[in-house]
Amino acid sequence: NQEAFSIQGLDPGLQSPTSLWTSADSRYLYITEASEHRVIILTKQGVTVGQFISDAWQAPTDAISYDSKTLVLDNGKIYEFTF
């Protein structure tokens, strides 16, 4: 069922999100925004937990979480950071 959803505490707000990832086991939503070179992490209630921006990223297209690591796909490369 479709439900209303709003994002709290994100600055700047979403302009053109590229992808959204989560799983039943994850407490978070991972949103990539290629135009802003960032990955945004939200709770499933829409509260911003953090956002990660890297000058090394050209246009991140996907982000997933695995074993408390976040993997970011960007231009054929995979970057890893711990969240």
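See the structure shown above.
Presented here is an overview of the structure given in this document. A quick note: this is a predicted structure, and the numbers were derived from the prediction, not measured. (Residues numbered from 1 in each chain as written. Predicted model: local features only at pLDDT ≥ 70, side-chain atom pairs only at ≥ 80, totals over all residues. Heavy atoms only, no water.)

## Regarding the side chain of Thr32
Tracing the sequence through the fold places Thr32 in strand E2 (residues 28-33). Within polar-contact distance, the side chain of Thr32 engages the side chain of Ser19 at 2.6 Å. When residues no more than four places from it in sequence are discounted, the contact partners of Thr32 are Pro17, Thr18, Ser19, Arg38, Val39, Pro60, Thr61, Asp62 and Ala63. (Helix = DSSP H or I, 4+ residues; strand = E, 2+ residues; numbered from the N terminus. Polar contact = N/O pair within 3.5 Å; in protein donor to acceptor, adjacent residues only side chain to side chain. Contact = heavy atoms within 4.5 Å.)

## A few points about unusual backbone geometry
Pro12 follows Asp11 through a cis peptide bond whose omega is 0°. Relative to the helices and strands, Pro12 resides in the segment before strand E1 (19-21). Here Ser68, not a glycine, exhibits a phi torsion of approximately 60°, which is positive. Relative to the assigned elements, Ser68 resides in the loop between strand E5 (60-66) and strand E6 (69-74). Notably, Asn75 is not glycine yet its phi reads approximately 50°, a positive angle. As for its placement among the helices and strands, Asn75 is situated in the loop between E6 and strand E7 (77-82).

## Concerning the pattern of salt bridges
Pairs can form between side chains of opposite charge whenever their charged atoms are close. In this structure the tally under the stated criterion is 1 salt bridge. For Arg38, the salt bridge identified is with Glu33, shortest N-O distance 2.6 Å. Taken individually, Arg38 and Glu33 each receive the classification buried, so the pair is uniform in this respect. (Salt bridge = Lys/Arg side-chain N within 4 Å of Asp/Glu carboxyl O. Buried < 20%, exposed > 50% of the residue type's maximum accessible area, 1.4 Å probe, protein only.)

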